[in-house]
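Secondary and tertiary structure notes
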Amino acid sequence: MELIENAHERAFRSSVREFVANKLPQDLRDKVQSFKRLERADYVRWHSIIAEQGWSGPNWPREYGGPGWNAIERKIFDEECFVAGAPRLIPHVNMICPVLHRYGSPAQKERFIDRIYRLQDWWCQGYSEPGAGSDLASLKTRAVREGDHYIVNGQKTWTTWAHWADWMFCLVRTSPTGKPQASISFLLIDMKTPGLTVRPVISADGAHDLNEVFFDDVKVPVENLVGEENQGWTIAKFLLAHERTDLAGVGLCKRFLQFIRRAIVPLLQEQPRPAATTRLIERYHQLEMEAVAHEWTVLRVLSGDDRGETASAAASILKIRSTELQQAMTALMVDCAGPGGMRYLSAAREEAWHGEIPGGDLHNALVAHYLDWRKVTVFGGTTEVQKNIVAKTLLGL
Ligand SMILES: Cc1cc2nc3c(=O)[nH]c(=O)nc-3n(C[C@H](O)[C@H](O)[C@H](O)COP(=O)(O)OP(=O)(O)OC[C@H]3O[C@@H](n4cnc5c(N)ncnc54)[C@H](O)[C@@H]3O)c2cc1C
């Protein structure tokens, strides 16, 4: 295993760094670095710049129109974008496109892939339901075939960005009998279809990213079925594997450490230094070291030392470790904010806000990070479920 970047990787890093430095619009960078809320248009703007460069869909091989990067190159790209303050690339692009390439009909590929690549259509993921999150196979949203259509009834929940979405890739139950996993299908649903209602779910930080989606006799053409009827579980697992490769979070941890440094630097002027400040600095250095250790573990996994069964356990371990680190970092952020952080104002994160921010701009952003990041141990497979995978595949329990 080689932990030091080779000449090719160093050159690749420089080219990505230069590209981002030249192409990332300053107002977008400012918005990200001050942790203002991003709008759909902000993501689309950055995505279009990336697509123009041929880098949209960093996980895609060349034959799918992607850049054909290996895992180390993807990590470098991700890291450079995060550290420079770029908006994240929309994860759904990396999820639905590989599915369409592998399982989609020629007509589906023709209709959707290029538009996804350019983020001309925004997609959301309709998997989870009330009572069917970790135990996804128990989902109840029903699709009944009537002639050339499926009639869909039921509910999805926690659907990220459904209120911005043009399309949803959705798991539905197409047979009331048989093994739960063998009666699920994968449908593409136009979000403008009559009978489909989106309702907001407001998060702890006051943001509207999540939604509930209700289906009331929603008519979906049969040509929007991906793969075979009742093959949805296989497709869903294929897609989740792509989702989980994105969750190691090295770039994000580096961005968080930058943020904490901004909060700690002013404290260094205090003389004599209060014991509480010394403790914050110690915690910062501890997390910095743990982030380096995490990065080395990620590199070890990416360099292919772990294969087969252990690779799935490795992905789970990385997700657990990454989310633990992110939560420890955001907890340190809120402690750095101190009493100023108690006056968190959600509305001040909107671009249009020009009023006073009671606790100050930086402190408001630090607390917002803390509140927002409680979610990371839940989405993409909860920590407990990841631990089950490790226990089963690695420890044989
Ligand atoms: C911010 C955010 C964004 C999301 N975006 C989307 C999205 O866009 N699309 C989508 O489909 N879903 C989305 N989700 C849903 C997410 O996938 C689910 O929340 C997740 O799968 C957990 O399901 P649940 O919420 O139903 O919790 P449950 O599965 O009910 O779990 C509740 C608790 O029980 C524990 N638990 C469950 N099963 C076991 C077990 N076998 N062993 C030990 N402990 C267990 C869990 O770890 C958890 O602590 C999102 C969630 C969040 C928080």
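Residues numbered from 1 in each chain as written. Predicted model: local features only at pLDDT ≥ 70, side-chain atom pairs only at ≥ 80, totals over all residues. Heavy atoms only, no water.

So, the overall build of the chain
Regarding its fold elements, the chain presents 12 helices and eight strands. Buried residues in the chain amount to 50% of all 397 residues. At a minimum sequence separation of 6, the contacts of the chain that also span at least 24 residues come to 73%. Once the 47 positive and 49 negative side-chain charges of the chain are each reduced to a mean point, those two points are 2 Å apart. (Helix = DSSP H or I, 4+ residues; strand = E, 2+ residues; numbered from the N terminus. Buried < 20%, exposed > 50% of the residue type's maximum accessible area, 1.4 Å probe, protein only. Contact = heavy atoms within 4.5 Å. Lys, Arg positive; Asp, Glu negative; His and termini not counted. Charge placed at Lys NZ, Arg CZ, Asp CG, Glu CD.)

Observations regarding a nonpolar patch on the surface
A cluster of nonpolar side chains, namely I317, L394, L395 and L397, defines an oily patch on the protein surface of about 410 Å² accessible area. By the secondary structure assignment, L394 is in the segment after α12 (383-393). Since its relative accessible area comes to 40%, L394 is described here as partly exposed. (Patch = residues over 30% accessible without salt bridge, like charges linked within 9 Å, V, L, I, M, F, W, Y side chains within 5 Å. Areas by Shrake-Rupley, 256 points an atom, 1.4 Å probe, with all protein chains shown as cover. Salt bridge = Lys/Arg side-chain N within 4 Å of Asp/Glu carboxyl O.)

Quick notes on the side chain of T323
Mapped onto the secondary structure, T323 falls in helix α10 (residues 309-337). At 2.8 Å, the side chain of T323 and the backbone oxygen of K319 are in polar contact. (Polar contact = N/O pair within 3.5 Å; in protein donor to acceptor, adjacent residues only side chain to side chain.)

Let's talk about the nonpolar core
Where a protein is soluble and globular, its nonpolar side chains tend to be buried together. Counting 59 residues, the largest nonpolar core has I96, Y127, F169, F186, L187, L188 and F215 as the members making the most contacts within it. Broken down by element, this core gets its largest block of residues, seven residues, from helix α5 (residues 91-103). Those residues in contact with Y127 that sit more than four places away from it in its chain are A132, L136, K156, F169, L171, F186, A236, L239 and L240. (Core = buried A, V, L, I, M, F, W, Y, C linked by side-chain atoms within 4.5 Å.)

Notes on helix α4 (residues 71-84)
The terminal C-alpha atoms of α4 lie 20 Å apart, and with 14 residues this matches the ideal 20 Å at 1.5 Å per residue to within 8%. Summarising burial for α4: 11 of the 14 residues are buried, a large majority. Taken as a whole, α4 has its buried residues at A71, I72, E73, K75, I76, F77, E79, E80, C81, F82 and A84. In the core, the buried residues of α4 are packed alongside α1 (7-23), α2 (26-33), α3 (40-52), α8 (250-264) and α9 (275-302). The opening residue of α4 is N70, an N-cap whose side-chain oxygen sits 3.1 Å from the backbone nitrogen of I72. (Expected span 1.5 Å × (residues − 1).)

Structural notes on the domain arrangement of the chain
On domain assignment, one finds that the chain holds domain 1 (7-89), domain 2 (123-232) and domain 3 (247-393). Each partner contributes residues to the interface: domain 1 has 18 residues there, and domain 3 has 24 residues. Where domain 1 abuts domain 3, roughly 1900 Å² becomes buried across the two surfaces, and 52% of that area is made up of carbon and sulfur atoms. Three residues stand out in domain 1 for area buried against domain 3, namely F35, R37 and F82, and they jointly supply 40% of the buried area on that side. Close ionic contact of K75 with E295 constitutes a salt bridge, the shortest N to O distance being 2.9 Å. (Domains from an automatic or database assignment. Buried area = accessible area lost by both parts, 1.4 Å probe.)

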